[in-house]
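Close look at the chain arrangement
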Amino acid sequence: MSHHADLPAPAVRQAIRRKLLAWYDRNKRDLPWRRRTGDPYASWVSEIMLQQTQVETVIPYFERFMKRFPTVKALANATDDDLLAHWQGLGYYRRAMHLHKAAKQVAGNGGSFPDTVDGLLELPGVGRYTAGAVASIAFDRRAAAVDGNVMRVFARLFEIEDDISQPRTQQRFWSLAEGLLPRKRCGDFNQAIMDLGATVCTPTNPRCLLCPLSTHCRAFANGDPSRLPVKKRTNAVPEIHHVVAMIRCGDAFLMTKRPAGGLWSGLWEFPNAAVSNDESETAALGRVLEAYGVEPDTETEHVGRVTHRLTHRLMQFDVYKSRIDPTATVVMVPDSGWYTRQSIQDVGISTASRKMLEVVRNA
Ligand code: SF4
């Protein structure tokens, strides 16, 4: 493999590192996990939370989570309910499950975090990017961390026209990132590229005039950097599979409010969860019921399927109804409540939820 074919001359590499780190020192975003430098636990929790979620959404969750589970031991000892109550709204609950499992693994090892990329990769839910980020940020390891942001910056800086959805292209970016790493401050270097991608080299309208790397940037020199990176459109949008629990007591349905920001921000919906690849629908449904303290063996019945198309994904909802006794206990997680078909009219609900109500009515 021609690992370093893309790399600029050593003097240019040196200039890029120096300028980027100097820019970072002046412009780095003040994020709560950055106030805990050298704390692998904080760094790991933040990276997992950030995997599918925007920084602004993560901040309050991170702060609440760290208050409730200040150490990896505290997290290992948490109950699933308590953990989910602090995760609820962040979505992608599999991340929380992995976090829990990994915390138990670390706590079982005397509480000390693996401090190498390979060691971190052993933890459930930790992939190449997260391992590189934690190893470099918390342990000052010489490890690269390449995500979509980083690929965008590099594709422009070095004018790389390859399709970034291809693993081979991604490998090319990893090699580039590794070749550019400074000898020291790799964590800062990685975070600097992330910040540059988030605040300056943005997907549309990059602010090249404010960019510390503009004199080295090929896309800027040749005009129109926002055409990069190249990502081939595939017609097949990813399909996301959910299970939905329409929990009914008398005339009322249990509903929950979606978090602010993100899809269907602040709208009410029926308890649901994404079904992960290695999980059965029943298991996912069990998770949903459990999160609300409904006995997982409560009788449930599949009543239909709702399909909802968004620009970049197709959402499939398998809808189940379960009727519970008025005397049964239900954990009222924050932002949840009981609504009848009538009182539902007073709150905002998503289109998909409206379709689900129809499905149940016709079942
Ligand atoms: Fe991105 Fe513009 Fe900076 Fe190039 S000059 S890295 S395109 S912000």
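Residues numbered from 1 in each chain as written. Predicted model: local features only at pLDDT ≥ 70, side-chain atom pairs only at ≥ 80, totals over all residues. Heavy atoms only, no water.

**Some remarks on the packing of helix α1 (residues 10–27) against helix α11 (residues 186–199)**
Going by this rule: The axes used here are C-alpha line fits, helices contributing only the stretch in contact, and every angle between their N-to-C directions lies in the interval 0 to 180 degrees. Going along the chain from the N terminus, every DSSP run of H or I of four or more residues is numbered as a helix, and every run of E of two or more is numbered as a strand. Any angle between 65 and 115 degrees counts as roughly perpendicular, while under 35 counts as roughly parallel, over 145 as roughly antiparallel, and the rest as oblique. Contacts were defined at the residue level, with two residues in contact if any of their heavy atoms lie within 4.5 Å. Gly is put with the polar residues, along with every residue not named as nonpolar or charged; the nonpolar set is Ala, Val, Leu, Ile, Met, Phe, Trp, Tyr, Cys and Pro, and the charged set is Asp, Glu, Lys and Arg.
Where α1 meets α11, the closest approach of the two axes is 9 Å, and the angle between their N-to-C directions is 70°. Considered as vectors, α1 and α11 are oriented roughly perpendicular to each other. Contacts from Arg17, Leu20, Leu21, Trp23 and Tyr24 in α1 reach Asp188, Phe189, Gln191, Ala192, Ile193, Asp195, Leu196 and Thr199 in α11. Along the lines of polarity and charge, the residues of the contact of α1 with α11 split into eight nonpolar, two polar and three charged.

**Considerations on the environment of Phe62**
Rule in force here: The buried label applies to any residue whose accessible area, calculated with a 1.4 Å probe on protein chains only, is under 20% of its type's maximum; exposed applies above 50%, and partly exposed to all values in between.
Structurally, Phe62 can be placed in helix α3 (residues 55–68). Judged by relative accessible area, Phe62 falls into the buried class, the value being 2%. Taking C-alpha positions, Phe62 is 6.7 Å from Ser46, a pair spaced 16 residues apart along the chain. For Phe62, the contacting residues outside a window of four places in its chain are Pro32, Trp33, Ala42, Val45, Ser46 and Met49.

**Considerations on empty space enclosed by the protein**
What counts is decided by this rule: Cavities and pockets are found on a 1 Å grid laid over the protein atoms alone: a cavity is a set of points where a 1.4 Å probe fits but cannot escape, a pocket is an open set with protein on both sides within 12 Å along at least five of seven lines, and a lining residue has an atom within 4 Å of such a point. Grid points are joined across faces, edges and corners, and a volume is the space filled by probe spheres set on the points.
According to the stated counting rule, one finds one cavity of 30 Å³ or more in the structure shown. When its volume is computed, the largest cavity comes out at roughly 120 Å³. Looking at the largest cavity, it is lined by 14 residues, and the ones nearest its centre are Arg156, Cys201, Cys208, Cys211 and Cys217. Per element, the largest residue contribution to the lining of the largest cavity is three residues, and it comes from helix α9 (residues 148–157). Residue composition of the lining of the largest cavity, grouped by class: twelve nonpolar, one polar and one charged.

**Focus on the domain arrangement of the protein**
What counts here: All domain edges in this entry derive from an automatic or database-based domain assignment. The buried area of a pairing is the accessible area, by a 1.4 Å probe, that goes missing from both parts when the two are put together, added over both.
Taken domain by domain, the protein comprises domain 1 (4–227) and domain 2 (239–362). Put simply, the middle of domain 1 and the middle of domain 2, counted by C-alpha atoms, are 33 Å apart. If you look at the interface, domain 1 gives nine residues, while domain 2 gives twelve residues. Three residues stand out in domain 1 for area buried against domain 2, namely Asp81, Gln88 and Arg94, and they jointly supply 47% of the buried area on that side.

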